[in-house]
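# Secondary and tertiary structure notes
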Amino acid sequence: MLPKERILDTVSVLFHKQGYNATGINQIIEEAKVAKASFYQHFKSKEDLCVAFLNQRHDYWFNELEKFTVNEKDSKLKILASFDFLIFMNQKENFRGCSFLNILSEIASDNVKVLSVIQSHKFDLRKYFKNILNDEILAAHVYLLFESSIVESQLFKSNDLIEQSKKIIQSLIL
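Cut-off values and rules
Residues numbered from 1 in each chain as written. Predicted model: local features only at pLDDT ≥ 70, side-chain atom pairs only at ≥ 80, totals over all residues. Heavy atoms only, no water. Helix = DSSP H or I, 4+ residues; strand = E, 2+ residues; numbered from the N terminus. Buried < 20%, exposed > 50% of the residue type's maximum accessible area, 1.4 Å probe, protein only. Contact = heavy atoms within 4.5 Å. Expected span 1.5 Å × (residues − 1).

## Here's the deal with the environment of Ile 118
Among the secondary structure elements, Ile 118 is positioned in helix α7 (residues 112-133). Taking relative accessible area as the criterion, Ile 118 reaches 3% and is therefore assigned buried. The spacing of Ile 118 and Val 51 is 67 residues in sequence and 9.0 Å in space, taken between C-alpha atoms. Once you skip the residues sitting within four places of it in the chain, Ile 118 turns out to touch Leu 54, Phe 100, Ile 103, Leu 104 and Ile 107.

Printed below as a string of structure tokens:
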């Protein structure tokens, strides 16, 4: 694996386990087994590393969501499958939660560089639901249920609210 990939894999684990602020560059360099010069060749700062990590996470997450829901042609079933995807990810990642919201809670409010990546990810998720439903208000409602399900499932290490959200959605769109 190339140094840049090792660094990104390492921060994926460390940001999840320790958080963004508690993870230092020296620890990343040591655990990724890269030279300091190699780190700075790829990333000028921890902030730039965070942006790269979030961009990579965005691509990974949406690719996995698409693979998980691709066989559902009916829009209503595709929405429900999207919530099943959350359950799948919780099982796969042990209720990791949303990497974007986790980092949002740690960055300074004036960190526009990282904030814009987080906002872009959330905008794309809202657009995902809007494209499926072709109804902006209904899509916003589904998006809010989806986001709250992520947070609550992380908080309580349970998929119960996701299942409840699916029932609410069935009453809204079926």
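Let us keep going from here.
## Things to note about unusual backbone geometry
Look at Phe 95: it is not a glycine, yet its phi comes out positive at around 55°. Here Phe 95 lies in the loop between α5 (75-93) and α6 (99-104). With a relative accessible area of 12%, Phe 95 lands in the buried category. Backbone geometry places Asn 134, a non-glycine residue, at a positive phi of 55°. As for its placement among the helices and strands, Asn 134 is situated in the loop between α7 and α8 (136-156).

## Re α7
In this model α7 runs 31 Å from its N-terminal to its C-terminal C-alpha over 22 residues, within 8% of the 32 Å that 1.5 Å per residue would give. Buried residues of α7: Val 114, Val 117, Ile 118, His 121, Lys 122, Asp 124, Leu 125, Tyr 128, Phe 129, Ile 132 and Leu 133, and no others. Among the structural elements, α4 (46-69), α5, α6, α8 and α9 (160-173) are those in contact with the buried residues of α7. Asn 134 sits one or two positions beyond α7 and adopts a positive phi of about 55°.

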